[in-house]
Amino acid sequence: MLFVRSSLHQAWLGSNGVQNKINQEKNMNATRLILTGGFLGAGKTTLLWKAAQRITEKGFRAGLITNDQAPELVDSVLLLHEGLKVAEVNGSCFCCNYNGFIDAAQHIRKETAADVIFAEPVGSCTDLSATIVQPLKKYGKVDFTVAPLTVLADPARLVSILDGGFAGLHEDAAYIYRKQLEESDIILITKADACPAGKADGLRQRTAALFPFATVLVVSALTGEGLDAWLAEVLQRKDAGKRLATVDYDIYAHGEAVLGWLNGTTLLHGNSTNWNLFVRELLDNLSDRFNRINCSTGHVKVIAENGAQYIAGNFTGNTETVSTRGSIDLCDEIRLTVNARVETSPEELDGIVSETLENLAKDKCTVRKLAWRCLSPGRPQPTHRFSEIIE
């Protein structure tokens, strides 16, 4: 519907083109590093999971780097369950811990001889071209080939941004969203499967008109539509970090600070409990609670584990956005990890999530917190910040 099977698409599917490009980089002992940003709830983790699977199917080795302001990260747990090699940089964003980011990339590269590494920065992070891409081009060129900077955009929020609105976010958080788009080499409009018929290509055209410097593509991680076209771009091109955004760090810092962040892991014990239903009810109840008090939700993610089985779920707004995948058989105990990014204070966020969990668990199971952190991000302090493009 959205893409003609172009020469790039055919090159990715065929025996030359992209495949030869990866082989050349393998021979040069360089790993292709694909930095993929985008605001909270844009679908980064799901897309990168599908992309890593597609790369692996072609016979290449792929790794992923996740990133968050605190440990106990749902994305890392989920990707590990999918059998992927994952390194995590927590405690700060990539830009404020550049050395930690490089250490994670080198660890994956050496341990698995990765041909491709996908890196997912914190969803509220921007200025990546100046703080990550340019330093990589200058200092990491021996070990890494840097792909064009991709920024994912959720259609619902993107429409509001294109209309000059705030996408349901605080205006300073919406400022971060716009800056992410402004510095991108590729804008990837996600969740094409959720767009009304005929609307996705119109949205792509509007985005391309407002951001003419970027390649604008549309993708659905659910159906795979557009995935090969995006992979062809990021696996062939070397024109990474073509632009530097002008970022006001006072606004940027406040845009992050308006969000409360919660990362927690609990042990839940019941008696032959239906944990699939429990997870769905937890997400529905949290979504309803945040909507009733008019708290804008960046995202809420959960994953429940019992051995090799898991069920993961998330939402970015009202209960209509709640989705889950996976399943757990009836059993007595699960390990539940919760991540929430909501426009409220850490204290209020802690109270809402803890109370909702305890109320749902009443008469069903006991709750024991293993790790639980609520915070508001500090002011970004990048390790490097380049003021010019490195060729």
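Scroll up for the structure.
Below you will find a few notes about this structure. Remember, predicted model here, so these are calculated numbers, not experimental data.

**Some details on the packing of helix H7 (residues 155-162) against helix H8 (residues 171-182)**
Axis separation between H7 and H8 bottoms out at 11 Å; the angle between their running directions is 95 degrees. Comparing their axes, H8 and H7 come out roughly perpendicular. Touching Arg 157, Leu 158 and Ile 161 of H7 are Ala 174, Tyr 177, Arg 178 and Leu 181, all from H8. Among the residues forming the contact of H7 with H8, the class breakdown is 5 nonpolar, no polar and 2 charged.

**Some remarks on the sheet that holds strand S10 (residues 297-306)**
Consider a sheet: its strands pair through backbone hydrogen bonds, and that pairing is either parallel or antiparallel. An order of S12-S11-S10-S13-S9-S14 is seen for the 6 strands of this open sheet, with the pairing classed as antiparallel. Looking at the sheet topology across the chains shown, the edges are occupied by strand S12 (323-327) and strand S14 (365-375). In this sheet, adjacent strand axes meet at a mean angle of 10 degrees when their direction is disregarded.

**A short note on the packing of aromatic side chains**
On inspection of all chains with the given rule, the structure shows 7 aromatic pairs. Taken together, a centroid distance of 5.1 Å and an interplanar angle of 70 degrees make the contact between Tyr 249 and Tyr 252 edge-to-face. Of this pair, Tyr 249 and Tyr 252 both sit in helix H11 (residues 249-257), 3 residues apart, which is roughly one turn of that helix. According to the relative accessible area criterion, Tyr 249 is buried, its value standing at 10%. With a relative accessible area of 0%, Tyr 252 lands in the buried category. The ring of Trp 49 has Lys 50 lying over it, and the distance from NZ or CZ to the ring centre is 4.8 Å.

**So, the pattern of salt bridges**
Under the counting rule described, the total for this entry stands at 20 salt bridges. Among the salt bridges present, the one from Asp 143 reaches Arg 109, with a minimum N-O distance of 3.7 Å. Here Asp 143, found in the loop between helix H6 (128-139) and strand S5 (144-146), pairs with Arg 109, found in helix H5 (residues 98-112); they are 34 residues apart in sequence, far enough to count as distant. Its salt-bridge partner being Arg 206, residue Asp 163 comes within 2.9 Å of it at the nearest N-O pair. Residue Asp 163 is located in the loop between H7 and H8, and its partner Arg 206 is located in helix H9 (residues 199-210); the two are separated by 43 residues in the primary sequence. Asp 163 gets classed as exposed once you look at its relative accessible area, which sits at 54%. Judged by its relative accessible area of 37%, Arg 206 is partly exposed. One salt-bridge network, in which partners are shared between bridges, spans Glu 233, Arg 237, Asp 239 and Lys 242.

What counts, and where the lines are drawn
Residues numbered from 1 in each chain as written. Predicted model: local features only at pLDDT ≥ 70, side-chain atom pairs only at ≥ 80, totals over all residues. Heavy atoms only, no water. Axes fitted to C-alpha atoms, helices over the stretch in contact; angles between N-to-C directions. Helix = DSSP H or I, 4+ residues; strand = E, 2+ residues; numbered from the N terminus. Parallel < 35°, antiparallel > 145°, perpendicular 65-115°, else oblique. Contact = heavy atoms within 4.5 Å. Nonpolar A, V, L, I, M, F, W, Y, C, P; charged D, E, K, R; others polar. Pairing = 2+ DSSP bridges. Phe/Tyr/Trp six-rings, centres within 6.5 Å; stacked < 30°, edge-to-face > 60°. Buried < 20%, exposed > 50% of the residue type's maximum accessible area, 1.4 Å probe, protein only. Lys NZ or Arg CZ within 6 Å of the ring centre and 35° of its normal. Salt bridge = Lys/Arg side-chain N within 4 Å of Asp/Glu carboxyl O.

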